[in-house]
Amino acid sequence: MTIHEIKINGFGTHSNLEIHFTEGVNVIYGGNESGKSTIAAFIRAMFYGLSGRGSQNERKKFLPWDQGVKYGGELSFEHKGVLYRIAAAFGESKKEDNITLYNDTTGEIVPVEAAKTIGEVVLEIPPETYDLTVYAAQLSSKPNLDNGNMDYLFDQLVKKSDRMKQSSSEIVVGKRIKTAMDAIRSP
């Protein structure tokens, strides 16, 4: 998968934000509390939705600070040679969310079963596996995470939590992340 662009109407600290990604590795950087993790959370929410319960209530946590904007946005990406766009308007509950997946290659709306997420349907990975991939780079800064531990992490990234067989998508994701982390580690 390659993300081409995100447009955040309103999500946490961000409103009316557009980010265009280029070919290869892209780095989002900034000072503490500048919204880097919020951007990662937005991308995750577009693929897997928002939780709305308990102490980790993402739905409340990422309500737009600017109350004059719509809660949600768009994400354009390419997967297996197909261009997709996700348009999301988040509500106060999952029932009120309006998330639509477009196949921009054909111009059609892609139906997604109510019990599934876009990430599960298109990327073929559960949210637990995705969560490990998003934060892999942040883990490398931990002092107790040496090269041996990083290899273990990459092995875990390509394993399914709910199935024994790996999809080709998971294997490719694992290899790409390992290559990127090796490049980051090199002098």
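Because the structure is predicted, anything quoted here is derived from the model rather than measured.

Rules used in this analysis
Residues numbered from 1 in each chain as written. Predicted model: local features only at pLDDT ≥ 70, side-chain atom pairs only at ≥ 80, totals over all residues. Heavy atoms only, no water. Pairing = 2+ DSSP bridges. Helix = DSSP H or I, 4+ residues; strand = E, 2+ residues; numbered from the N terminus. Axes fitted to C-alpha atoms, helices over the stretch in contact; angles between N-to-C directions. Contact = heavy atoms within 4.5 Å. Buried < 20%, exposed > 50% of the residue type's maximum accessible area, 1.4 Å probe, protein only. Polar contact = N/O pair within 3.5 Å; in protein donor to acceptor, adjacent residues only side chain to side chain. pLDDT = per-residue confidence, 0-100. Salt bridge = Lys/Arg side-chain N within 4 Å of Asp/Glu carboxyl O.

Considering the sheet that holds strand E1 (residues 2-11)
Part 1 of the reasoning: Spatial strand order, E2-E1-E3-E4-E5-E6: 6 strands in an open sheet with antiparallel pairing. Edge strands, defined here as strands with exactly one partner in the open sheet, are strand E2 (14-20) and strand E6 (108-110). Shown here is a sheet whose adjacent strand axes are inclined to one another by a mean of 20°, direction ignored.
Part 2 of the reasoning: The pairing of strand E4 (residues 82-89) with strand E5 (residues 98-103) spans 6 bridges and is classified as antiparallel. In the sheet register, Arg-85 faces E5, and the bridge partner there is Tyr-102.
Part 3 of the reasoning: Seen against the sheet, helix H1 (residues 36-48) touches E1, E2, strand E3 (72-79) and E4 and runs at an angle of roughly 100° to E1.

Some remarks on the pairing of E3
Part 1 of the reasoning: Where burial is concerned, most of E3 is hidden: 6 out of the 8 residues are buried.
Part 2 of the reasoning: By the bridge criterion, 7 bridges tie E1 to E3 in an arrangement that is antiparallel. Bridge pairing in E3 places Ile-8 opposite Gly-73.
Part 3 of the reasoning: With antiparallel pairing between neighbouring strands as the criterion, E3 and E4 make up a hairpin whose turn holds 2 residues, including Lys-80 at a positive phi of roughly 55°.

Remarks on the side chain of Ser-76
Part 1 of the reasoning: Relative to the elements of secondary structure, Ser-76 occurs in strand E3.
Part 2 of the reasoning: Not counting residues within four places of it along the chain, the set of residues in contact with Ser-76 comprises Ile-3, His-4, Glu-5, Tyr-84 and Arg-85.

Some remarks on the side chain of Asp-97
Part 1 of the reasoning: Among the secondary structure elements, Asp-97 is positioned in the loop between E4 and E5.
Part 2 of the reasoning: Of the polar contacts made by the side chain of Asp-97, one reaches the side chain of Arg-59; its length is 2.8 Å.
Part 3 of the reasoning: A polar atom in the side chain of Asp-97 sits 2.8 Å from the backbone nitrogen of Gly-91.
Part 4 of the reasoning: Beyond its immediate sequence surroundings of up to four residues, Asp-97 is in contact with Arg-59, Ala-89, Phe-90 and Gly-91.

Re the confidence of the model for the chain
Atom-level detail of predicted coordinates should not be read off regions where pLDDT is low.
Part 1 of the reasoning: On average, residues of the chain carry a pLDDT of 82, and 78% of them reach 70 or more.
Part 2 of the reasoning: Low pLDDT, under 50, characterises residues 139-145; the stretch is placed with 7 contacts to residues that sit more than four places away or in other chains.
Part 3 of the reasoning: Note that residues 160-164 has pLDDT below 50 and, in this model, 11 contacts with residues that lie over four places away or in other chains.

Description of the pattern of salt bridges
Part 1 of the reasoning: Applying the stated criterion to the full structure yields 4 salt bridges.
Part 2 of the reasoning: One salt bridge connects Asp-97 with Arg-59, and the closest N-O pair in it is separated by 2.8 Å. A residue pair is termed long-range when its members are at least 10 positions apart, and Asp-97 in the loop between E4 and E5 and Arg-59 in helix H2 (residues 58-61) qualify at 38 residues.
Part 3 of the reasoning: On the basis of relative accessible area, Asp-97 is assigned to the buried category, the value being 16%.
Part 4 of the reasoning: We note a salt bridge from Asp-104 to Arg-85, for which the minimum N-O separation is 3.2 Å. Separated by 19 residues along the polypeptide, Asp-104 in the loop between E5 and E6 and Arg-85 in strand E4 bring together distant segments of the chain.
Part 5 of the reasoning: Counted as one network, the salt bridges with shared partners bring together Glu-74, Arg-85 and Asp-104.

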